[in-house]
Structures are given as structure tokens and as C-alpha cells.
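The lines below spell out each chain.
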Amino acid sequence: MAMEKFDASEVEARIYKMWEEAGAFKAGANASRDETFCIQLPPPNVTGHLHVGHAFNHTLMDMLIRWKRMQGYDTLWQPGLDHAGIATQLMVEKELAETQQPKRTELGREKFLEKVWEWKAAKGGMIEQQARRLGDSLDWSRSAFTMSGAESAPATEKPGNFHDAVLKVFVEMYNKGLIYRGKRLVNWDPHFETAISDLEVENIEVDGHMWHFKYPLAGGETYEYVEKDEDGNVTLRETRDYISIATTRPETMLGDGAVAVHKDDERYAPIVGKLCEIPVGPKDQRRLIPIITDPYPDPDFGSGAVKITGAHDFNDYEVAKRGNIPMYSLMDTKGYMRADGLPYAEEAATAQRIAGGEEGFDEGKIAAMNMVPEDYRGLDRFEARKRVVADITAEGNAVMIGNPAYEAAFARDGDQTEVPQRIPFVENKKIMQPFGDRSKVVIEPMLTDQWFVDTAKIVGPALDAVREGRVTIMPESGEKVFYHWLENIEPWCISRQLWWGHQIPVWYGLDLGVEDEQNPSGTLDEVELLGLLLDGLVHRGTVMHCGTDLEAVKSAFVFDNADVPSPLSHASIIEVADKSEAIDRFAAALAEYNVTQDPTVLVYPVWRDPDVLDTWFSSGLWPFGTLGWPDENDPAMKYFPGDVLITGQDILFFWVARMMMMSQAVLHQDPFHTVYLHQLVRDAKGEKMSKTRGNVIDPLDMIDAYGADALRFSNAQMAALGGVLKISEDRIKGYRNFGTKLWNAFSFADHYAIPYPGDPEMPVVSQTLNKWIIGETGKVRETVDAALTAYRFNDASDALYAFTWGKVCDWYLEFSKPILQGTDTAAKAETEQTLRWVLDQCLVLLNPIMPFITEELWGMADRRAKMLIHADWPTYAAADLVDTDADREMNWVIGLIENVRSARAQVHVPAGAKVPLLVTGLDEKGQSAWDNNHVLIQRLARIESLSNVDRFPKGCVTVPMDGGTFGIPLEGLIDVDAEIARLEKTLQKLAKELGGLRGRLNNPKFAASAPEDVVAEARENLRLRETEESELKAAIARLQELG
RNA sequence: GGGUGAUUAGCUCAGUUGGUAGAGCGCUUCCUUUACACGGAAGAUGUCGGGAGUUCGAGCCUCUCAUCACCCA
């Protein structure tokens, strides 16, 4: 019966179903020892689809998991999904728009979150289905979700407690002072109106402009401006009443707090400490700002003077912090120029007093001030830029240069009245501009109130983990990057102005505390009551408390209020939406109390922080949040800490470092011992894949075309440590062919009707051939184990490819044919058993890389104790299996066959023709090797007979071997000149090698300083080459006689 | 501007304490020989980016230059 062809799509679906239904991937499946081996799958976005990057690293993880599972480890490959705040919210908003449903803001928070959960249930997690096509042996029954257990989750959702973990960690870190609220500059996305992480910002080089403006000195002061060249010669000397500023963002001038120059910049030394004017806004209310020194300005860049807008530029922010310069926010959350606050004239006056040192300031006060003049208020930031440029230019404060067009016009017709002689100095230049990777709008650095993790306080243990070798980062270069980043770590902004995510567990209440306590009576009298009502609650501060839920913070608020007059101190605490509702409710209750004197109507409203946590905050808890924590008694906690993390190097900081910090902060352990980083998967040319380039390779298409095994093999093959990953369809096709080769090896066994009982023991053999292949199997098993232990997936796949195709198929199966067809029943039985055993070993060793085809072939045996996925990984050692004599003999046989074939082909002996073979000087070993294997040799090299001769006849093709020289008598058949040419060429190559070898051996320093075995090897090599050389020379001589 | 890495056969890439270069694909020639044409056999192709140094010996170590890529400002 002939085996059918391998149909990947049919087999893959069937086999995967079989594994999954049998629970083959479940945690602990096939465990025969206590040691655990756990890999946490980096959770893909719930909105995500499988791309080549996933396909790549899933293959590596699956290889390790399958390998360890076969070795009997208690394994867990933990899957799950990330709720992906901004991506998911965007996806759902888009869908609402497309289906003409009410917008997010119209729905309100609660209804919108319902929609998100509906979307998740219907369309989220597509990637989990796609990953199955790859053959991933993930324990799907444990699939986790970073939003599981959230208040908003519907009952239909799979239960989980990730939300508990997130809140518990937040509260603990808050209580330890590791989390705080503050005003800092963050990347702000004006489209989504939220802070976003650095990872979500793409810096793209775009065409921009550099404008040059004059900031006039206060009071019309002047100074001598001198420029010098490298040698100190004066190239320009003029009297100026201004300082020249270059900027790519003129609209931010409105928020300037200073002009900074380098302290060593002689040009500006005379005016440091003086004031200059921001040349924009109403003429009467021009603000004056100080000229300061700071290390940041580069004297060689632009004019060397930099305007400092602390609230809208990251570099300026640092300068402003150093110099205590006010940072005026200019824009609203949508990126429009602010329209709130007091009239500009009043704000400018205040700012002026601050700049002059007559008035103090703090963060809150500055934040409330709107420094945008009325004319620009409410404008889009880019529109405002145009207006600012136009206004400054109109007023004559643009730096002017000669107009090339004027020169040209003058030269042409001597009349240039239509063309201006001088024009504003505007450079066209490439600038790096930040864009939101999802919104595609220009990201605005914005000074906002956000929550931060004080990373500096928790970074220590993560750094130590790598420094002390508890955690290994591969490739090693990742360690440097890791140190560099962690040693210069910035506070981590963890709040996002979104709805989809873990809402920050902090509640605010009105600050009722009275600073100058005038009434220690402890009761609420009429005067105080009115005071509270009229005092403008709006301007009162707030107090806040953190807890896992409202109940948890109530007592803290009650405690706060203990000091306020009774009965207000006993007001019941209620939750409201926000501060304004809180004020309304509070005032209404007071008013009612005033009338009724009924203390039970008094309420103390509190409201929850509307922001949600950065997605990376929750995914930082992934290593234990997936295992039942905070329930430390969950049996799955035995898998913490995990073993290996395999992920893209681009999220080393964003995720890997954070998992390490969070695991240490919460559980005081490292989450894994090894981090394997890989690069971005690119197309065959090494370009990034992108939809716009149209070079995206969909792994599912590859699976459709070539099967999952081929894609996996290709992935394993390109996984050289630290290497660039270029995926090539030709290569995948090549590994599909490899699968077919393996399949046909079984078809071979089938063809020879070799019994296939299944689960064979390693046979005890007497045939050299069988001894040899068993030894080779032992070698490859060691190579594969060593490679996988060292995460050298390419070495493992290389070794298996070379073994299966190059050893088993090319030689072993060919050699077995005469025995299988022969009459020696003992030899035949032994070879049949060996062949089945060897093929079984191929299946076992290849299973981690190509699980489908191997499992299918495994299942064709009459019976199997277990599925291949749970088969026992072999432990035999090459040292026990390799028979050196068999090894030497088979290599000699292979060499002889190859050399005879080569010689035949080169002198164009017809492929089918059987030729006689002669030999001279055959030694004992050669004779015995020939005797043992002549059937194989004659068959594969197409040889009719062997005759011992003293001397080769004229016109004989020579094949020098160790232990005897063979010759094919071909007088009259061969082209003598061509054959001489062939031998000469071989001789030349040989001469080169001999030259090298002799050179080394004749050098006394070589023998003195090189290791002994190297010297011995070189000597032996030289001996063999010299013999070969003399044989070749003799052969050439014979041919020349003939000619 | 800072950092990291790369540059090896026509293409895509390996090459783990320095011992004299390999794979897959592609290409050329031959072969439908009873596992396999998604195959078999044979074959060609490399001053290992340039230069200098250390060494008996350098693709590998050091310096330098060039080009490219990525990350961070």
C-alpha cells in the first residue's frame, strides 16, 4: 500500500484538534518530575492579529516548551491577551462611527465600556485562533486577560482576577510612597486627548522650517555683537538692540520663560542677566523675560541662543527646572491655543511681576495662567503658528537676509521694483517630529497632572539582577542597553486619559480643613456654614485617598473630617462623578441642613480619579498576575518565577525592565532567569514590513501555502542569536521540501514493507552500517540538546536538517537497500529494526520544530504508548553509541563513492554505465572496508568489478584514497587533455593547501606555541595530502605518456 | 548629537576560547535508476567592506576609515 501525499492543511487541523481535546498542552501534561518550566507568552493586544514577529517568537517558545515537556518537566506555556487601552478604545470608537452609533462621549463611560466588552467578546483575541494554526502548544484553558475581574466586566466574561492584582499593587505602592501624583511634561496626543508612552510615539523626519526672530532688549538697550572665525579673527562686528533666536515652533514663543545662552558664549556675555522682549502679542503688554545661561544651548547651532518654553519642549523643560523658570501651558487638550483664564492683559502683568521677581509663583498658579493673547486664543496650534510668524514679520522683528530672487531680477533687467530686496530668514530643514503611532497627529509635549511611579526607587533590584547574573539577557549587547536605560531612568507616567483600562483607585474629596482655626468650638454654627457656602468651594483644594474600592477609602475620609465642626464631621460619604457635582451636592445638602437642621441630610461627596492606568502597568504584573496572584495559594503560583522570556528587543524597557521591577517590588523575586531578545522581523530585503510599502508577509498565507511546519522550520533557522531577521518565501518553500523528504523516508519504509510496530527499543546491532547510523543519531541528539540549551535554535534546526537529509536519507536508506532486498534474514531484520528506530528518533527530535508532520507519521505505527507530543526525549550519549571503527569505515565508503562518482561525471562516463574498477596498493584496512561494503559501493558508484593491479594501464582515471588508489580504466573513452586539465586543477588546489601546511610546520615557532593536537593534526593532514599529490602526479604522467 | 549592531558565494544568512571558510535558495551539466523531480548525481562562484596593527597563524582580537541599519535624544 502506498502512502498518500502529505496534505498539510488537513493534517494540521486534525492533529491540533487531537492535541487540544486530549489536553496535551495543559499545565503539567506529561510531567514526570517536579521541576517546572514556564514561559509566559508576551500578551498580544486583544485587537491584534498574528504577524510574522509573533510567528517567529512563538516558534521559539513552542520549541522550548515542547522540548521540556518531552523531557518530563512540569511545563506551562501561559497564554493571554493585553487589554491595550488606546488601541482598543480607538477600535471601538471607529466601529461606533462606522455603524452610526452614538459617540463615546455621548454614550458616557459606563455604556461605552459595555460596548468595549461586547466588542471584545465578539471580535477580540482573534490572534488566539491564529496561533493555533502555528501549532502553539499553549495551555488555552488558562488564557488570561489583563482586564479580567474589572468592575465593568460582564458576567459572560471568563472569570479572572487580574484587576485585583493591579489594584492591590497600585495601593501598596501608593502606600509605600512609590506612586505619586504630579505635574510633569508628557507626550500628549491631541487627537485622543491622553498622555501616551514613548513607545507609542514615532519620531519621523519631516520638512520643517527654522525661523529667525529678534527679541528686542528691554528699554532699547544695545550691545556690541562680535562674531569670530576659528582663528579668532573678527568676521562681524555690529551694534545690536536685540538677541537673535531660531525656532521651529514660533507659536510656543507665547509661553517663553527665558532666553538661554551657553555660559562660554562670548557673543552674548554682555547681555546675560538682562531682560528681552517676546516680540509678539499686544504692543503695550509685551512680556520681558530674562537672558540666562545654561549648559543646554549649543553655541554652534543657530544663533546660539535658545528660547525656553518649559511647558512645550522636553529639553526646555529640563532647562526651566534647573533655572526655576515658569512654564506656561499654552494649549488645551485638543491642541488648540487656550481660551480659558483671565484676560491677557492681566495675565501678562502678573507674568511680568513674576519675571521681575516682584511676585512669587508656584506650579498651580502658573498652570492656571493663560499667556495666549486674545487674538490667538482658540486657534489651532498650526494656525497660531502662521499668525505669529506673520505678525512678527509685519512688525519688523524677523531677521532679514538678501533675497536671491532680487539679485537675479536686478542682473536680468536692472529693474527690481516688484521683487523685495530683503526677505525674512527662514531655513527649510528636516526636523524630527513626534507623531502618535495610532492617531498620526503631531504629539505635543504637555505639562499636565499625571500619576507617576517613582522608578528610581524600585530600579535597584532589576539592575542588580542583571549585574549579578541572576538574569541573563541574550544577546549580551542587550545588557548594555539595559544598564544605560535603567541607570538614567525617568519617572514612569502611568495615568492615561482614557476610559478603557484599570481606573485609578484614588478618590478625592473637598478639603474642609480650615487653616487658621478660629472656632475650636467643634460645632457648625451659622457663620461657619455660610462661610463654607460662600467661600467659593471651587477654589478649595482637594484631599485624596487610595484604596482598592470606595469602602476601603471611606474611613480615611471620615478620619480627615474628624476635625471639622459637628455634625458635618459625621456627614455620610457618597460617591459622585466629579468635583463640580461634589460641590453642587455638598452645597445643596448644607442649604437643606440650614433650613431643616436635620444632620442626616449632610453628605460628604467624593469622586474617583477618572484616569486609567497605562497598559504597561498591568502587563508589568504579567509574570504573576496570570498565575492567580494575589491569591498566593493558587496552585499555579508554583510556576512563578518563570524561566525564559522571549520577546522583541524593542520592548526591553517598556515591558521587560518593568516586569523585573514590578516582580521585585511586589514579590521580591526575578520573574525569569533568561531574557531572549530578537530583532524586528523584516522582509527578504531587510525592509520593515508596512502596509504602505506593500511588503507585508502574512504568516497565515505562508501556512496556507507551505504548511505550519515549514514556516516554523524557517523561523528556527533564522533564529541566530542577535541576528537580523529576514523572512524569505523561498526559504520557507525549501523547508516544505524538507518535510516532504521526511515523509518520503517513511514512504520508503512502507515500500519495503518494513513492519511498523511503534515505540521500538534501540536495537543491538552487528552490521557496520547500523552501528554507524546509531552513532550518528547519538551525535545529533547531543548537538540538538546543546543547541537548545544555549538558545541556538538555528544550530538545532541545522543539525537536524543535515542529519535527516544528509545522513539518513542520502546514505543510510540507500545503503540499506541491498540488505533489505538481500537474503541474509538476520541482517535484514536488524536493519529493519534499526531503520524504524532511526526514523523514530527523527520524529522525536524534530517534533519541537515541526510538530504536525512528525505527529502524523508517528501515528502511522501500529500502536503507540503516547502521542509524539508526549513521547520521551532521548538521553543516549554519543560516547556510548559511536563505534569509531564503523564510523571510519562508513566515511571511507562514502568518500570512495563520492570520488568515483565525481571522476565519472567529469570525464563524462554515461550515468547508467557500469564500469570496472582497479586498485593498487590496497592495504589491509582498505581491503576489509571494501569486502564489507563492496555491494553498496558497486551499487551506488555503478561499478562492475574490482581488480587488484600492480600498475594502472594507460588512460586510467585515478581516485586516490587513504589505504589504496583506485582507477577506472577508460582508454579510448576519455579526453586525455581534459582529464589532465582536471587533475592539474586538483593539484593546484592541493599545492595551495600544502604550501600553507608546510609553511606552518616548518616554522619552529608554530610547533613551539601551537597546541599539540593542532600540530599533530597538521602533520597528519600533510601526510595525506602528500600521498594524494604523488598519486595525482603519477596519474598525470600516465596520461601524458598516452598523449 | 549619543548608543548599539552590521558589512562573508548571485541572493538570504551561519561561522561559540584565533588553526586557514559553510548552509539554504538560485545558477550550470547530466539523470524520470522500483521512497522522493517538493527528487538524485556532479559542478562553478568568496583578496570574509578598505587600510594598519598584535600573533607562528586573523573572518574572529586592537585601531582607523567607509557604507548601512536600528534604538535613544
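Cut-offs used in this document
- Position labels on residues start from 1 in each chain and follow its written sequence.
- The naming scheme follows written order: chains are lettered A onward, ligands numbered 1 onward.
- Local features in this predicted model are restricted to residues of pLDDT 70 or higher, and side-chain atom pairs are both shown and tallied only at a pLDDT of 80 or more, whereas totals for entire chains, interfaces and linings draw on every residue.
- To get the side-chain values, take all heavy atoms of the structure and skip hydrogens and water.
- Every helix listed is a DSSP run of H or I at least four residues long, and every strand listed is a run of E at least two residues long, numbered separately from the N terminus.
- Radius of gyration here is computed from C-alpha atoms only, and the compact-globule reference equals 2.2 Å multiplied by the residue count raised to the power 0.38.
- Any two residues having at least one pair of non-hydrogen atoms within 4.5 Å are treated as being in contact.
- All accessibility values rest on the Shrake-Rupley procedure with a 1.4 Å probe; residue burial counts only the protein chains present in the view.
- His residues and chain termini do not enter the charge count, which takes Lys and Arg as positive and Asp and Glu as negative.
- In plain terms, the charge of a residue is placed at NZ if it is Lys, CZ if Arg, CG if Asp and CD if Glu.
- Between any two strands, pairing holds if DSSP finds at least two bridges.
- Only the contacting stretch of a helix is used when fitting its axis, a line to C-alpha atoms as for every element, and angles between N-to-C directions run 0 to 180 degrees.
- What sets the label is the angle itself: under 35 degrees gives roughly parallel, over 145 gives roughly antiparallel, 65 to 115 gives roughly perpendicular, and the rest give oblique.
- Less than a right angle of anticlockwise turn of the near helix away from the far helix marks a crossing as left-handed, whereas a clockwise turn marks it as right-handed.
- Note that Gly is not counted as nonpolar here; it falls among the polar residues with everything else outside the nonpolar set of Ala, Val, Leu, Ile, Met, Phe, Trp, Tyr, Cys and Pro and the charged set of Asp, Glu, Lys and Arg.
- The aromatic pairing rule takes the rings of Phe, Tyr and Trp, using the six-membered ring of Trp, and pairs them if the centres are within 6.5 Å, calling planes under 30 degrees apart stacked, those over 60 edge-to-face and the rest tilted.
- By definition, being over a ring means that NZ of Lys or CZ of Arg is both within 6 Å of the ring centre and within 35 degrees of the ring normal.
- Joining through side-chain atoms within 4.5 Å is the link that ties buried Ala, Val, Leu, Ile, Met, Phe, Trp, Tyr and Cys residues into a set, and such a set is a nonpolar core.
- To sort residues, take the accessible area from a 1.4 Å probe on protein chains only and compare it with the maximum for the residue type: under 20% means buried, over 50% means exposed, and anything in between is partly exposed.
- As annotated, the domain borders come from an automatic or database domain assignment.
- Simply put, the buried area is the total loss of 1.4 Å probe accessible area from both parts when two parts are fitted together.
- Side-chain atoms alone can form a polar contact between residues adjacent in sequence; in general such a contact is a pair of N or O atoms within 3.5 Å, and within protein one must be able to donate a hydrogen while the other accepts it.
- Multiplying one less than the number of residues by 1.5 Å gives the expected span of a helix.
- Fitting axes to the seven residues ending at a residue and to the seven starting there, one defines the bend at that residue as the angle between these axes.

## Regarding the overall build of chain A
Stage number 1. Along chain A, the regular secondary structure elements total 33 helices and 34 strands.
Stage number 2. The C-alpha atoms of chain A give 40 Å as radius of gyration, which overshoots the globular expectation for 1043 residues (31 Å, by more than 25%).
Stage number 3. Dimensions of chain A along its principal axes, counting C-alpha atoms only, are 125 × 90 × 60 Å.
Stage number 4. Put simply, 79% of the contacts in chain A that link residues at least 6 apart link residues at least 24 apart.
Stage number 5. Working note: accessible area of chain A is about 46800 Å², and carbon and sulfur atoms make up 50% of it.
Stage number 6. Averaging the positions of the 109 positive and the 162 negative side-chain charges in chain A gives two centres separated by 6 Å.

## A few points about the sheet that holds strand S11 (residues 258-261)
Stage number 1. The 4 strands are arranged S12-S13-S11-S14 in an open sheet whose pairing can be described as mixed. Each having just a single partner strand, strand S12 (275-277) and strand S14 (305-308) make up the two edges of the open sheet. Averaged over neighbouring strand pairs, the angle between their axes works out to 35° when direction is ignored.
Stage number 2. Examined bridge by bridge, S12 and strand S13 (residues 288-293) share 3 bridges and lie antiparallel to one another. Paired with glutamate 277 across the strands is leucine 288, a residue of S13.
Stage number 3. Relative to the sheet, helix H8 (residues 314-323) contacts S13 and S14, its axis offset from that of S14 by approximately 85°.

## Here's the deal with the packing of helix H2 (residues 52-70) against helix H6 (residues 126-134)
Stage number 1. In the contact formed by H2 and H6, the axes pass within 11 Å of each other and the chain directions differ by 55°. Taken as axis vectors, H2 and H6 run oblique relative to one another. Handedness of the crossing formed by H2 with H6: right-handed. Packed against H2, whose contacting residues are His54, Ala55, His58 and Thr59, the element H6 presents Ile127, Ala131 and Leu134 at the interface.
Stage number 2. For the contact of H2 with H6, the residue count by class is 4 nonpolar, 3 polar and no charged.

## A word on the packing of aromatic side chains
Stage number 1. Counted under the stated rule, the structure contains 38 aromatic pairs.
Stage number 2. Centre to centre, the rings of phenylalanine 738 and tyrosine 801 are 4.7 Å apart; their planes meet at 25°, and the pair counts as stacked. Remark: tyrosine 801 occurs in helix H25 (residues 793-821) and phenylalanine 738 occurs in helix H23 (residues 729-751); sequence separation between them is 63 residues.
Stage number 3. Taken together, the ring pairs in this structure connect Phe170, Tyr174, Trp451, Trp492 and Phe617 into an aromatic cluster.
Stage number 4. Its guanidinium or amino end placed over the ring of tryptophan 499, arginine 104 lies 4.7 Å from that ring's centre, counting from NZ or CZ.
Stage number 5. Positioned over the ring face of tryptophan 140 is arginine 132, at 4.3 Å from the centre of the ring.

## Section: the nonpolar core
Stage number 1. The biggest cluster of nonpolar side chains holds 145 residues, and the ones touching the most others in it are Trp772, Phe793, Phe815, Leu835, Leu896 and Phe966.
Stage number 2. With 13 residues, H25 is the single largest residue contributor to this core.
Stage number 3. Counting contributing residues per domain, this core is built from domain 3 (708-844 + 851-865) and domain 4 (890-968), each supplying no fewer than three.
Stage number 4. Once residues within four sequence positions are removed from consideration, leucine 896 is found in contact with Trp930, Ile937, Val959, Met961 and Phe966.
Stage number 5. Judged by nonpolar contacts, the second largest core, of 84 residues, contains Phe162, Val453, Ile489 and Phe557.

## Here's the deal with the domain arrangement of chain A
Stage number 1. Under the domain assignment used here, chain A contains domain 1 (208-429), domain 2 (506-608), domain 3 (708-844 + 851-865), domain 4 (890-968) and domain 5 (977-1041).
Stage number 2. With 13 residues of domain 4 at the contact, the number on the domain 5 side is 10 residues.
Stage number 3. Taken as a group, Lys954, Thr958 and Pro960 account for 38% of the area that domain 4 buries against domain 5, more than any other trio of residues on that side.
Stage number 4. In this structure, the connection of domain 4 to domain 5 is made through 1 residue pair in polar contact (both at pLDDT 80 or more).
Stage number 5. Of all the secondary structure elements, the ones that give two or more residues to the side of domain 4 that touches domain 5 are helix H29 (884-906) and strand S33 (956-961).
Stage number 6. Considering every element that reaches the side of domain 4 that touches domain 5, the biggest residue donor is S33, with 3 residues.
Stage number 7. By residue class, the composition of the side of domain 4 that touches domain 5 is 6 nonpolar, 4 polar and 3 charged.

## Section: H25
Stage number 1. With 29 residues, H25 should reach 42 Å at 1.5 Å per residue; the first-to-last C-alpha distance of 39 Å fits that figure.
Stage number 2. Largest kink in H25: about 40°, centred on valine 808.

## With respect to the pairing of strand S18 (residues 444-453)
In the case of a regular strand, side chains alternate between the two sheet surfaces.
Stage number 1. Across the 10 residues of S18, 9 count as buried, placing the element largely inside the fold.
Stage number 2. As defined by bridge partners, strand S5 (residues 179-189) adjoins S18 across 10 bridges and the pair is classed as antiparallel. Residue pairing for S18: arginine 181 is matched across the bridge by tryptophan 451.
Stage number 3. Alignment of S18 against strand S20 (residues 492-493), held across 2 bridges, turns out to be antiparallel. Bridge pairing links phenylalanine 452 to cysteine 493 in S20.

## Observations regarding the environment of serine 945
Stage number 1. As for its position among the elements, serine 945 is in strand S32 (residues 943-948).
Stage number 2. Separated by 699 residues in sequence, serine 945 and alanine 246 place their C-alpha atoms 92 Å apart.
Stage number 3. Not counting residues within four places of it along the chain, the set of residues in contact with serine 945 comprises Val915, Pro916, Leu917 and Gln938.

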